[in-house]
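Survey of secondary and tertiary structure
Chain residues, written in single-letter form:
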Amino acid sequence: MSAQLTAEQSAELTDESTGRFVQTSTHRIHYNEAGSGHPVILLHGSGPGSTGWSNFRTNIATLAQDFHVYAVDMPGWGQSDTQTAETGYDHVAALIAFMDALDIDRAALVGNSMGGITSISTAILHPERVSHLISMGAPVPGQNTWGANGLSEGLKVLFRTYQNPTIENMKEVTEVMAFDPALTSGDLAALRLEAALAHPEHLDSWNNAPGGNPLSTEYFGYGPRLAEITAPTLALHGRDDRVVSYEQSLRLVSAVDNARLLLINRCGHWAQIEHAVEFNRVVRDFIQNN
C-alpha cells in the first residue's frame, strides 16, 4: 500500500493518474484508486455517460487522505466491459468479483442512486463483506418504490436520454440532477454526451436489458430484508431530489437498526457534488467512528 496522501498530493490526482484495470471472473473493470488504509468503494449512479470519476471527482482526493479509495466503473459504464445476457446484469456479483480480484475482504460501500441499490443489496446478501453502508439518493425496496405515480421526473428524463442521446436531452439530465443550475451551466452535458457516445455498446446494454433496463431485478422485493442489514448505515439525501424522493431514505433508516439520515436542503440528486465539503467530512467521520 502507498503511504498516506498529503493534501498537496491529493489535489494533483486526476482521472488518468489514478486509472486502473482489473480482470475479474466476469468482466474487465476500470476503476480509480488512491490512498491507503481501510477500503472505501465508491459506486456511481446510472445515466448515460456516468463513471466512477465523474460521480466522485470532488470526493476521491479528500477521502484518499484517510482511506484506500476505489471508484469503480460498473459493467455497462465508463471504460469497463459492458453487460450482456451471457455475463448477466448482476451488479452485486460484479462488485464481489471486483473485491475478490483485488483481495478486498471488507469495505465501506458508498453508493449514489444505482450504486446505492448495489450497496444495499450487497449489505443484505453479503454482510460479511460490508463494513459500512453509505447511500446517497438511493431508491429503497418496498411498496411503490418509485412512488404512486410511477417514474419520477428525473428518471423519465434519464430513460428518454438512453433512447435518444442528444445534447438537448443530456442537458435535461444534468439539470434535473442538481438543485443549483450553476452546477450544470458549463460543459458537463457535453462531456457526459461524449462519454456516452464513446461506448454505444453500453447504451445498447441498458436499452436491451430484460425489463427495459438493468435495474429491473429482484432488488425491489428486498423490502422485508432491510432489517437484516447489520453494517452501520448512513443515508444522505437531498431535500430537493427530483430523481429519487427523500422518503426513500426515510424508509431505509426506519428499517435498519443501526442507521442515521442526513437530509440536506437546497440539494438535488448529487449530494456528493453539490455539497462536497460536507459530504466528505460526514463520510470520513462516519467511517472512522463507527
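Residues numbered from 1 in each chain as written. Predicted model: local features only at pLDDT ≥ 70, side-chain atom pairs only at ≥ 80, totals over all residues. Heavy atoms only, no water.

1. Concerning the packing of aromatic side chains
This structure, assessed with the given rule, holds eight aromatic pairs. Between the aromatic rings of tyrosine 70 and phenylalanine 98, the centroid separation amounts to 6.2 Å while the plane-to-plane angle is 85 degrees, which identifies the pairing as edge-to-face. Of this pair, tyrosine 70 sits in strand E4 (residues 68–72) while phenylalanine 98 sits in helix H5 (residues 91–101), placing them 28 residues apart in sequence. Each member of the pair tyrosine 70 and phenylalanine 98 is classed as buried. When the ring of tyrosine 162 is compared with that of tryptophan 206, the centres are 4.2 Å apart and the planes differ by 5 degrees; the resulting orientation is stacked. Within this pair, whereas tyrosine 162 is found in helix H7 (residues 153–163), its partner tryptophan 206 is found in helix H10 (residues 200–207), the two being separated by 44 residues in sequence. Judged by relative accessible area, tyrosine 162 falls into the buried class, the value being 3%. A relative accessible area of 2% means that tryptophan 206 is categorised as buried. What links up through ring pairs into an aromatic cluster is the set Trp77, Phe159, Tyr162 and Trp206. Positioned above the aromatic ring of phenylalanine 21, the side-chain terminus of arginine 28 is 3.7 Å from the ring centre. (Phe/Tyr/Trp six-rings, centres within 6.5 Å; stacked < 30°, edge-to-face > 60°. Helix = DSSP H or I, 4+ residues; strand = E, 2+ residues; numbered from the N terminus. Buried < 20%, exposed > 50% of the residue type's maximum accessible area, 1.4 Å probe, protein only. Lys NZ or Arg CZ within 6 Å of the ring centre and 35° of its normal.)

2. A few points about the layout of surface pockets
Taken as a whole, the largest pocket encloses approximately 510 Å³ of empty space. Taken together, 29 residues line the largest pocket, and the ones lying closest to its centre are Asp15, Gly49, Thr51, Ser54 and Ala195. A per-element tally of the lining of the largest pocket places helix H9 (residues 188–197) first, with six residues. (1 Å grid on protein atoms, 1.4 Å probe; cavity = no way out; pocket = protein on both sides within 12 Å on 5 of 7 lines; lining within 4 Å. Points joined across faces, edges and corners; volume = space filled by probe spheres on them.)

3. Some remarks on the pattern of salt bridges
Counted according to the given criterion, the structure contains six salt bridges. Among the ionic pairs, arginine 20 bridges to glutamate 33, the shortest N-O distance being 3.6 Å. You can see arginine 20 sitting in strand E1 (residues 19–23) and its partner glutamate 33 sitting in strand E2 (residues 28–34), a full 13 residues away along the chain. With relative accessibility at 18%, the residue glutamate 33 sits in the buried group. Among the salt bridges present, the one from arginine 129 reaches aspartate 100, with a minimum N-O distance of 2.9 Å. Of this pair, arginine 129 sits in the loop between helix H6 (114–125) and strand E6 (130–136) while aspartate 100 sits in helix H5, and the two are 29 residues apart along the sequence. Arginine 129 gets classed as buried once you look at its relative accessible area, which sits at 12%. (Salt bridge = Lys/Arg side-chain N within 4 Å of Asp/Glu carboxyl O.)

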